[in-house]
Amino acid sequence: MIAMQNEKLITNSIDASELSFNDFKSIVINDYKIAYESRQASVLGRREVLTGKAKFGIFGDGKEVPQIAMAKAFKQGDWRSGYYRDQTFAFATGISTIKEFFAQLYANPSEGADPFSGGRQMNCHFATKSINEDGSWNDLTKIKNVSSDISPTGGQMARLVGLAYASKLFRENRELDYLKNFSVNGNEVAFGTIGNASTSEGVFFEAINAAGVLQIPMAVSVWDDAYGISVPAKYQTTKEDISEVLKGFQRDEKNPGYEIYKVKGWDYPALCEVYEKAINVCRTEHVPVLIHVTELTQPQGHSTSGSHERYKSKDRLTWESEHDCILKMREWMLESAIVSEDEITEIEKAAKVLVRNAQKEAWNEFLDSMKPEQKLVIDFIAAMAKNQPELAKLSSQLAATADAQRREIFVAARKAIRLSAGKPSAERDALANWYKSQDVVNYERYNSKLHTKGKESPDKIAVVDAVYNDQSKMVDGREVLNACFDANFARDQRLVAFGEDLGNIGDVNQGFAGLQAKFGELRVTDTGIREMTIMGQGIGLAMRGLKPIAEIQYLDYLIFALNVLSDDLASLSYRTKGIQKAPVIVRTRGHRLEGIWHSGSPISMLLGSLRGLHLCVPRNMTQAAGMYNTLFRADEPSVVIECLNGYRLKEMLPDNVGEFTVPLGHAEVLEEGTDITVVSYGSSLRIVQEAAEELAALGISVEIIDPQTLLPFDINNVCSTSLKKTNKLLVVDEDVPGGASAYILQQIIEQQKGYFSLDSQPKTLTAKAHRPPFGSDGDYFSKPSVDDVIERIYGIMHEANPVKYPSIF
Ligand SMILES: Cc1ncc(C[n+]2csc(CCOP(=O)(O)OP(=O)(O)O)c2C)c(N)n1
Ligand SMILES: [Mg+2]
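About the cut-offs
The residue numbers shown here count from 1 along each chain, following its written sequence. Lettering for chains starts from A, numbering for ligands starts from 1, and both go in the order in which the items are written. The predicted nature of this model means local features are confined to residues of pLDDT at least 70 and side-chain atom pairs, given and counted, to a pLDDT of 80 or more, with totals for whole chains, interfaces and linings taken over all residues. Side-chain calculation: all heavy atoms of the structure are included, whereas hydrogens and water are not. Space inside and on the surface of the protein is sampled on a 1 Å grid over the protein atoms alone, with a cavity defined as a set of points where a 1.4 Å probe fits but cannot get out and a pocket as an open set with protein on both sides within 12 Å along at least 5 of 7 lines; lining residues have an atom within 4 Å of a point. Grid points are joined across faces, edges and corners, and a volume is the space filled by probe spheres set on the points. Counting from the N terminus, the helices are DSSP H or I runs at least four residues long and the strands are E runs at least two residues long. Classification used: nonpolar for Ala, Val, Leu, Ile, Met, Phe, Trp, Tyr, Cys and Pro, charged for Asp, Glu, Lys and Arg, polar for all others including Gly. DSSP bridges decide pairing: two strands pair if at least two such bridges lie between them. Under this scheme, a helix contributes an axis fitted over its contacting stretch, all axes are lines through C-alpha atoms, and angles between N-to-C directions fall in the 0 to 180 degree range. For this description, a residue counts as near a given molecule or strand if any of its non-hydrogen atoms is within 4 Å of it. Polar contact criterion, stated in full: a pair of N or O atoms within 3.5 Å, where within protein one must be able to donate a hydrogen and the other to accept it, and residues adjacent in sequence count only if both atoms are side-chain atoms. Surface accessibility follows the Shrake-Rupley procedure with a 1.4 Å probe radius. Residue values consider only the protein chains on display as shielding. Partly exposed describes any residue whose relative accessible area lies between the buried limit of under 20% and the exposed limit of over 50%, with all areas from a 1.4 Å probe on protein chains only and scaled to the type maximum. With strands facing away from the observer, any crossover in which the path from the first strand over the helix to the second runs clockwise is taken as right-handed. Take the buried residues of types Ala, Val, Leu, Ile, Met, Phe, Trp, Tyr and Cys, join any two whose side-chain atoms come within 4.5 Å, and each joined set is a nonpolar core. Here the aromatic set is Phe, Tyr and Trp, taking the six-membered ring for Trp, and pairing holds for ring centres within 6.5 Å; pairs whose planes are under 30 degrees apart are stacked, those over 60 apart are edge-to-face, and all others are tilted. Lysine NZ or arginine CZ positioned within 6 Å of the ring centre and within 35 degrees of the ring normal marks a charge as sitting over the ring.

1. Let's talk about the layout of surface pockets
- Looking at the largest pocket, its volume works out to about 620 Å³.
- Elements with a minimum of two residues in the lining of the largest pocket: α4 (98–105), α11 (341–385) and α13 (406–419).
- Here the residues of the lining of the largest pocket are counted per class, giving 11 nonpolar, six polar and seven charged.

2. Let's talk about the sheet that holds strand β13 (residues 585–590)
- The mixed open sheet is built from seven strands, whose spatial order is β11-β10-β12-β13-β15-β14-β20. Strands with a single pairing partner mark the edges of an open sheet, and in this sheet they are β11 (524–526) and β20 (709–711). Sheet twist, expressed as the average angle between the axes of neighbouring strands with direction ignored, equals 20 degrees.
- Where strand β14 (residues 614–616) lies against β20, two bridges are found, and the strand directions are antiparallel. Note on β20: the bridge partner recorded for Cys 616 is Thr 709.

3. Notes on the site of ligand 1
- Taken together, 18 residues surround ligand 1, and among them Tyr 83, Tyr 84, Arg 85, Ala 197 and Ser 198 come closest.
- Take Asp 225: an N or O atom from its side chain is 3.0 Å from an oxygen atom of ligand 1.
- Burial of ligand 1 by the protein amounts to 72% of the accessible area it has alone, namely 580 Å².
- Taken together, the residues that form the shell around ligand 1 break down as six nonpolar, eight polar and four charged.

4. So, the pairing of strand β18 (residues 676–679)
- Side chains Ile 676 and Val 678 of β18 all project onto a buried face; the interleaved residues Thr 677 and Val 679 project onto the opposite face, where all are buried too.
- Here β18 runs beside strand β19 (residues 702–706); their pairing, made up of four bridges, is parallel. Note that in β19 the partner of Val 679 across the bridge is Ile 705.
- In this fold, the crossover linking β18 to β19 by way of helix α22 (residues 684–697) has right-handed handedness.

5. Observations regarding empty space enclosed by the protein
- In the structure shown here, the tally under the stated rule is two cavities of 30 Å³ or more.
- Roughly 60 Å³ of internal volume is contained in the largest cavity.
- Lining the largest cavity are 13 residues, with Thr 452, Leu 569, Ser 573, Ala 582 and Pro 637 sitting closest to its centre.
- Every element with two or more residues in the lining of the largest cavity is listed here: α18 (562–570) and α19 (572–575).
- Within the lining of the largest cavity, the residues separate by chemical class into six nonpolar, five polar and two charged.
- Here the second largest cavity is characterised by a volume of approximately 50 Å³.
- Every residue along the wall of the second largest cavity is listed here: Asn 196, Thr 199, Asp 224, Ala 233, Gln 236, Thr 237, Glu 240, Asp 241, Ile 242 and His 292.
- Residues of the lining of the second largest cavity, tallied by class, amount to two nonpolar, five polar and three charged.

6. Some words on the nonpolar core
- Within the largest apolar cluster, 95 residues are counted, with the highest numbers of intra-cluster contacts made by Phe 102, Tyr 275, Ile 291, Met 333 and Leu 431.
- Tallying contributions element by element places α11 first for this core, with 16 residues.
- Ranked by size, the runner-up nonpolar core spans 85 residues in total, among them Met 157, Leu 160, Leu 179 and Leu 562.

7. A look at the packing of aromatic side chains
- Counted by the stated rule, this structure contains 32 aromatic pairs.
- On the numbers, 6.1 Å between centres and 45 degrees between planes, the contact of Phe 380 with Trp 434 is tilted. Residue Phe 380 is found in helix α11, and its partner Trp 434 is found in helix α14 (residues 426–446); the two are separated by 54 residues along the sequence.
- Given a relative accessible area of 10%, Trp 434 falls into the buried group.
- Over the ring of Tyr 227 we find Lys 312, and its NZ or CZ is 5.0 Å from the ring centre.
- Taking the ring centre of Trp 266 as reference, the NZ or CZ of Lys 328 above it sits at 4.6 Å.

Written as structure tokens, this is what we have:
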């Protein structure tokens with residue numbers, strides 16, 4: 001019988017003034033045990049990969065001791081945004097057990113086995129449970145919070161800014177006091193961890209600068225092992241020393257800035273002291289701190305992908321073995337008479353057994369979870385083999401696979417179904433039915449939770465129509481937005497908006513004009529030019545219960561932030577299997593205007609990288625306001641692209657501008673017609689409408705459909721329903737050829753089965769493959785024009801009926 005491994009050793013703080021020597025001794029010994037167990041987990045983890053039981057492993061060996069010091073300073077309510085080396089921190093805080101660590105290494109998708117990602121992420125990618133199945137929040141002040149780790153190195157820095165910034169808002173905005181489950185007076189520190197080499201990333205410098213400007217409680221630890229895989233510090237960092245480089249950020253009497261600390265990673269007492277001091281400054285004074293932890297090592301090399309003997313010199317390897325932080329801690333404990341050699345040897349032996357048992361338990365549970373499926377499939381196929389003997393081999397092969405994983409079980413099942421096609425039998429039906437029933441189960445295991453889909457999901461927000469009266473005013477489009485934001489900011493204290501030029505002048509198109517004066521600088525805020533961390537600011541705030549509108553000035557500049565949106569925000573619900581959410585509303589403006597970087601519409605880039613977000617492409621500011629009203633009441637992330645050329649066009653101001661909602665995924669028929677269906681969105685719709693007028697004069701009746709959102713796309717099949725009437729389809733799009741128009745075609749033709757209704761070739765009319773040149777002529781010759789639309793539609797009609805519609809050219 002294997003012992004239960006779930007009891008957690010967690011670290012305790014050392015307050016020398018209150019401790020007896022014996023208490024002190026037992027804390028230190030406990031810390032050593034945690035460090036040593038963590039090392040054993042790394043050693044064994046690597047072995048599990050090299051023997052083929054797991055696919056890849058990356059471990060925290062060589063970084064154990066500083067992480068224990070960090071864990072001592074980490075309190076309930078605090079947040080971590082870190083990277084893949086932090087297993088010891090996770091063990092020392094009780095965030096992970098060793099068994100859970102192994103379950104993740106094996107990618108066990110069973111309920112509860114890997115509580116961080118449900119078997120979806122590589123090992124050492126931790127996360128804590130912020131929300132419940134229905135999307136409701138837990139009390140985050142009672143949890144040691146870890147925002148879900150991602151693999152792109154440096155990527156954790158953007159979100160870290162937001163996690164720390166939330167503490168500032170909670171401390172300085174008294175109107176947030178009612179949010180008891182999220183903060184205690186803004187006392188929470190956001191801890192960041194990053195490898196030395198990843199400080200070369202732009203996002204690191206952007207985040208460091210942003211936190212210095214914002215003066216937020218962000219504590220960044222750099223784990224410096226002098227390498228980034230095989231590349232040494234001299235290729236990574238100026239002066240090979242990140243704290244040296246960042247000295248200019250140090251605060252002084254005149255200027256706020258950072259407190260910067262440098263400490264050797266193998267010096268346990270110094271580490272405990274530095275972390276206590278640094279985090280105290282950070283927490284109480286709300287000053288960002290940087291702790292540069294030097295002289296760390298990688299006893300097993302970077303990861304299971306290769307060995308470091310290939311690129312480290314003999315001298316370096318010798319130095320590393322002598323400066324291993326656990327070895328150094330051991331030496332210090334012996335020198336200080338905290339333990340004897342015999343005692344420490346006993347501790348180490350026990351740790352090895354404990355870790356081994358935890359690993360075995362995790363592995364056995366993983367295999368056992370699949371055994372019933374294996375047995376069922378073996379039996380199903382064996383039964384089929386009675387009528388079809390050649391199948392016997394399939395079932396005996398599966399029976400002989402000792403450690404069968406799910407893939408092998410399903411490969412056998414599907415092959416048996418294929419090989420028995422056309423040979424109906426009750427036994428075949430039994431297997432086929434079972435296989436089909438597993439679709440739902442496997443979807444839940446491997447594909448579910450792209451969206452939170454909780455009780456505040458956008459599709460659960462009540463649809464409220466816009467209301468107008470006889471006196472309703474025609475106003476500039478931007479005023480509709482302004483009134484919408486005004487009403488919502490008054491309604492919900494959690495809403496904050498920030499971005500370049502958004503505060504003082506109320507954004508470049510004045511959607512927020514006057515709202516900073518009304519709601520204060522904490523709620524309507526200017527930021528530096530730093531798109532990645534504007535997005536990260538949004539993600540961190542949203543993870544801590546606030547409702548951020550994070551603005552990107554122009555859609556073309558969203559490219560600077562796409563990594564953060566794609567890697568972090570879009571994958572959050574999926575990669576945590578629904579235990580975290582970040583309902584950020586990304587506001588931007590785009591489509592046609594003037595110039596290469598002020599008129600782009602790179603929608604396919606967003607469609608390809610932002611699954612997990614809602615993508616809203618309103619045709620005017622009223623529709624935009626309705627979408628915002630939905631999103632402000634919902635809890636899922638989104639991008640809203642306003643039409644750059646629409647702010648000064650007149651629209652009627654709804655009476656209920658802060659309440660009416662536009663549901664997502666609901667396409668609208670803007671104009672009814674009978675000859676052809678034209679699908680477009682955003683600014684291009686006006687072009688299509690203008691073209692339709694001239695086409696009407698030519699006797700062609702155009703049905704114009706606005707899907708309104710591209711993610712989700714026309715959930716009620718309005719497009720394919722229209723095709724039943726017109727039998728012809730044109731998609732008009734400002735994106736490149738084969739861009740968003742290809743997606744729209746796939747949705748209508750394949751997903752909605754529109755091909756059944758077509759009697760001529762479906763077509764697209766798009767922009768050219770290059771970005772649009774400056775000026776009106778540039779626009780005319782590179783984006784779909786009214787003339788282009790008329791001629792393309794006429795051409796389709798000509799093809800169908802050349803007599804009625806003689807060739808134009
Ligand atoms: C954005 C990005 N680029 C490259 C990689 C591949 N990669 C993974 S770890 C790593 C080295 C990171 O070194 P460092 O930041 O010093 O952390 P360490 O592993 O040494 O602790 C690289 C290049 C990645 N994961 N993400
Ligand atoms: Mg490194």
